[in-house]
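# Observations on the model geometry
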Amino acid sequence: MHSDGKPIAMMTAYDYPTAVACERAGVDMVLVGDSLAMVALGHQDTSQVTMDEMMHHSRAVARGTRSAFLVSDLPFGAYHADIGDSVRNAVRMVKEGRAEAVKLEGGRHFVSRVDAIVNSGIPVVGHIGLTPQTAVSLGGFRVQGKSVAAAQHLVDDALALQTAGCFAMVLEAMPSLVAETITRLVSVPTIGIGAGSRTSGQVLVMSDMMGIFDRFTPKFCRRFAELAPQMDAALVQYKTDVRARQFPEEGLHTYAMPAAAEDRWREHVLSAYGLDLDRVAEPAAQVHQQQHQRSSV
Amino acid sequence: MTSAAAKGSAVCMRAYSARPDSARDTLPGRTKVTVHALKKMHSDGKPIAMMTAYDYPTAVACERAGVDMVLVGDSLAMVALGHQDTSQVTMDEMMHHSRAVARGTRSAFLVSDLPFGAYHADIGDSVRNAVRMVKEGRAEAVKLEGGRHFVSRVDAIVNSGIPVVGHIGLTPQTAVSLGGFRVQGKSVAAAQHLVDDALALQTAGCFAMVLEAMPSLVAETITRLVSVPTIGIGAGSRTSGQVLVMSDMMGIFDRFTPKFCRRFAELAPQMDAALVQYKTDVRARRFPEEGLHTYAMPAAAEDRWREHVLSAYGLDLDRVAEPTAQVHQQQHQRSSV
């Protein structure tokens, strides 16, 4: 696809149904992103999610994934302390998380880790630009590469990651021109998010593009659906119908005993409990009935 | 009030003394649903609306709609995790999802399922896992499946201070032994067993119980014989409340929709359309849209960048390359560097 100039469509998934949705739509690559820490788990940032949690979600996504290429993020801390950690956790993400490749954030300072993981036989997707796991040290969720010097650093990062063996890399939140520069200087696919249309492909966080995530929508995201208002309306309708006893509807959503059994049951309940099922009790009468039964048993 | 019901509510009141209403900041205008509030709804004949959630966004949706009770059901094993049944999900996994739901829950009363195996071996296991679900899973109450054979476990958990919701009728964790996902209580004898189960669970201290997949008449019988709220699913409208699996009622779950569920939304087709549109727009380079979804360097920096890239890499950024020309350009650069 890269050499044909055909843009690659990557989408995040964090559980079985989101994975199945990606599969039905035929996206090229599915990413189990650590963005799930925020959008699925409700944390304030991505730094808290653990390897076990990422593998748990990766497995759920894998169960719903057939044709797409599955990449899973190594979370913050999983590849930082030493090279041994990096390889062990990458292996776990493949063995236990069922990923086909792993993604990790960082540029030149992480080439030794990328190199080691690639040499162990696991494909690696790089990630440069805005790196959410270390947003604090970047001064927040800010666009990267806006000066010539900063842009040069990103180019150096990209070339280093390519040399280390990344087969693709995510470019996040940088000027379109810088992303284009990188895309034209490297020979591996670049997957952009907030990086313009002149990359080799795109990725978005599903909760953002579906209009599910309630806190904020990033500038670089388009909403392809507005699901939150519909979920709200559906739940409010459910609550209203329950309150009015309009759901469930007898005969449509319910079960019944065979007629003969039902007759015998009414007789049995009347004689055993003094409860008359023919009469549908009012709520207050229901309470009185229970009190009456308890005193007579 | 019977001694059993009194015991149940007394334990619940004791458990709640450590968790005052103000402990969870609720949305303006919405009061925290407590065991007392549920009792009052029951005695007022006001149907209780319970809904399942399995992560933060589903919990937040429940909170926005103001449902009374949120259940972290082990149905998530199938609808969120893609397993074939509910028997495989572990305590750690249930607590993980319970924590995520708790982060999004403020006013609703939060109940979490103890999964298959967590309360089966002995009473010690049951109490330990119930405690973990509260401590680590951040649940306010736990639900477990089973009738008369589980009263000792319910009793022990209630006595440790944790409210328990019972679950009788179709009990999915043991559907295999029931012969599949089948309606229960269709004969007089089977219905009597369910009534016995319900009364036993009440005596053991359940403050509420779920009735699943039974004839409406049987569910009504139970509801009128016990003094605690009954929450029905596939049990008719004459229970004290209702519960549904969110993925079913939202039209998300792809395998099947149970007979007893109404689809209040049809989200799967919309998710499909959104993803297909995304893929189409990416292929056509219509998304992202320059200027709308993108960033740019300051104009002066952009000029300097173009000059720099031209001199350092021989790459002319003014010209937007065709795909094959892009590849040639890269090959040209690599051979000239």
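Described in the following lines is the structure provided in the data block. (Residues numbered from 1 in each chain as written. Chains lettered and ligands numbered in written order. Predicted model: local features only at pLDDT ≥ 70, side-chain atom pairs only at ≥ 80, totals over all residues. Heavy atoms only, no water.)

Turning to the overall build of chain A, a few remarks are in order. Within chain A one finds 12 helices and eight strands. For chain A, the C-alpha radius of gyration of 27 Å lies well beyond 19 Å, the compact-globule estimate for 297 residues. Per-residue burial for chain A yields a buried fraction of 59% across its 297 residues. Considering only contacts in chain A between residues 6 or more positions apart, those separated by 24 or more positions represent 55%. Surface summary for chain A: the accessible area is close to 11100 Å², and the carbon and sulfur share equals 53%. A distance of 3 Å separates the average location of the 27 positive side-chain charges in chain A from that of its 32 negative side-chain charges. (Helix = DSSP H or I, 4+ residues; strand = E, 2+ residues; numbered from the N terminus. Rg over C-alpha atoms; globule rule 2.2 N^0.38 Å. Buried < 20%, exposed > 50% of the residue type's maximum accessible area, 1.4 Å probe, protein only. Contact = heavy atoms within 4.5 Å. Areas by Shrake-Rupley, 256 points an atom, 1.4 Å probe, with all protein chains shown as cover. Lys, Arg positive; Asp, Glu negative; His and termini not counted. Charge placed at Lys NZ, Arg CZ, Asp CG, Glu CD.)

On to the overall build of chain B. If you tally the helices and strands in chain B, you get 14 helices and eight strands. The 337 residues of chain B split such that 60% are buried. Of the contacts formed within chain B by residues at least 6 apart in sequence, a portion of 58% connects residues at least 24 apart. When the accessible surface of chain B is split by element, carbon and sulfur atoms take 54% of a total near 12500 Å².

Backbone hydrogen bonds are what pair the strands of a sheet, in a parallel or an antiparallel way. All names here are of chain B. Read around the barrel, eight strands follow the order β1-β2-β3-β4-β5-β6-β7-β8 and close on themselves; strand pairing throughout is parallel. Pairwise comparison of adjacent strand axes, ignoring direction, gives a mean angle of 25 degrees for this sheet. Pairing of strand β2 (residues 69–72) with strand β3 (residues 109–113), which is carried by four bridges, proceeds in the parallel orientation. Note on β3: the bridge partner recorded for M69 is F109. The strands that helix α10 (residues 216–225) touches are β5 (164–169), β6 (208–212) and β7 (230–233); relative to β6, the one it contacts most, it runs at about 170 degrees. (Pairing = 2+ DSSP bridges. Axes fitted to C-alpha atoms, helices over the stretch in contact; angles between N-to-C directions.)

Moving on, we come to the sheet that holds strand β4 (residues 101–103) of chain A. With parallel pairing, eight strands are arranged side by side around a closed barrel as β1-β2-β3-β4-β5-β6-β7-β8 (chain A). Each neighbouring strand pair of the sheet contributes to a mean axis angle of 25 degrees, computed without reference to strand direction. Its contacts with the sheet put helix α12 (residues 267–283) of chain B on β1 (8–12) and β8 (201–204) of chain A, and the angle it makes with β1(A) is roughly 145 degrees.

On to the packing of helix α1 (residues 16–25) of chain A against helix α3 (residues 51–64) of chain A, then. Residues and elements named next belong to chain A. It is at 7 Å that the axes of α1 and α3 come closest, and there the two elements cross at 40 degrees. One element, α1, and the other, α3, form an angle in the oblique class. Our pair here, α1 against α3, has a crossing hand that is right-handed. Residues Y16, A19, V20 and E23 of α1 form the contact with α3, whose own contacting residues are A60, V61, R63 and G64. Here the residues of the contact of α1 with α3 are counted per class, giving five nonpolar, one polar and two charged. (Parallel < 35°, antiparallel > 145°, perpendicular 65-115°, else oblique. Left-handed = near helix turned anticlockwise from the far one by under 90°. Nonpolar A, V, L, I, M, F, W, Y, C, P; charged D, E, K, R; others polar.)

Let's shift gears to the environment of B:R306. Mapped onto the elements of the fold, B:R306 is located in helix α13 (residues 299–313). The spacing of B:R306 and B:L317 is 11 residues in sequence and 6.2 Å in space, taken between C-alpha atoms. Once you skip the residues sitting within four places of it in the chain, B:R306 turns out to touch A:L177, B:L317 and B:D318. Here the side chain of B:R306 touches B:L317 through a polar contact of 3.2 Å, landing on its backbone oxygen. (Polar contact = N/O pair within 3.5 Å; in protein donor to acceptor, adjacent residues only side chain to side chain.)

Let's shift gears to helix α5 (residues 91–104) of chain B. Two residues of an α-helix separated by three or four positions point the same way, owing to the 3.6 residues in each turn. With 14 residues, α5(B) extends 20 Å from end C-alpha to end C-alpha; this agrees with the ideal 20 Å at 1.5 Å per step. Within α5(B), 11 of the 14 residues are buried, which leaves it mostly tucked inside the rest of the structure. Within the sequence span of α5(B), burial applies to B:M91, B:E93, B:M94, B:M95, B:H96, B:H97, B:S98, B:A100, B:V101, B:A102 and B:G104. Summarising the contacts, the buried residues of α5(B) are in contact with α3 of chain A together with α3 (56–65), β2, α4 (76–79), β3 and α6 (123–135) of chain B. (Expected span 1.5 Å × (residues − 1).)

Moving on to the packing of α3(B) against α5(B). Residues and elements named next belong to chain B. Their axes nearest at 7 Å, the elements α3 and α5 cross at an angle of 40 degrees. Between α3 and α5, the angle is such that the two are oblique. Judged by the twist between their axes, the crossing of α3 over α5 is right-handed. Judged by residue contacts, Y56, A59, V60 and E63 of α3 engage A100, V101, R103 and G104 from α5. Of the residues contributing to the contact of α3 with α5, the split by class is five nonpolar, one polar and two charged.

A few words now on the interface of chain B and chain A. Across the boundary between the two partners, chain B contributes 126 residues, which contact 125 residues of chain A. Here chain B meets chain A over a buried area of about 11000 Å², counting both sides, of which 60% is carbon and sulfur. On the chain B side of the contact with chain A, B:R224, B:Y278 and B:Y295 bury the most area, a combined 9% of that side's loss. Across the chain B-chain A interface, the total number found is eight salt bridges. Two residues, A:R24 and B:D272, come together in a salt bridge whose shortest N-O distance is 2.8 Å. At the junction of chain B and chain A, the tally comes to 48 residue pairs in polar contact (both at pLDDT 80 or more). With 14 residues, α12(B) is the largest single contributor of residues to the side of chain B that touches chain A. A breakdown of the residues in the side of chain B that touches chain A according to their chemical character gives 66 nonpolar, 29 polar and 31 charged. (Buried area = accessible area lost by both parts, 1.4 Å probe. Salt bridge = Lys/Arg side-chain N within 4 Å of Asp/Glu carboxyl O.)

This part is about the nonpolar core. In this structure, A:M209 and B:M249 are the most contacted members of the largest nonpolar core, which totals 205 residues. Once residues within four sequence positions are removed from consideration, A:M209 is found in contact with A:M11, A:L204, A:C221, A:R222, A:R223, A:F224, A:A225, B:A274, B:L275 and B:Y278. (Core = buried A, V, L, I, M, F, W, Y, C linked by side-chain atoms within 4.5 Å.)

What follows is about the pattern of salt bridges. A side chain with one charge can pair with a side chain of the opposite charge if their charged atoms come near. The full count for this structure, using the stated rule, is 29 salt bridges over all chains. A salt bridge links B:D68 to A:R243, with the shortest nitrogen-to-oxygen separation between them at 2.8 Å. Placement of the pair is B:D68 in the loop between α3 and β2 and A:R243 in helix α10 (residues 227–243), with the two residues belonging to separate chains. B:E136 is paired through a salt bridge with B:R132; the nearest N and O atoms lie 2.8 Å apart.

Within the secondary structure, A:R266 is located in helix α11 (residues 259–273). By relative accessible area, A:R266 is classed as partly exposed at 23%. Measuring from C-alpha to C-alpha, the distance between A:R266 and A:E250 comes to 18 Å, with 16 residues separating the pair along the chain. Setting aside chain neighbours within four positions, we find A:R266 in contact with A:L277, A:D278 and B:L217.

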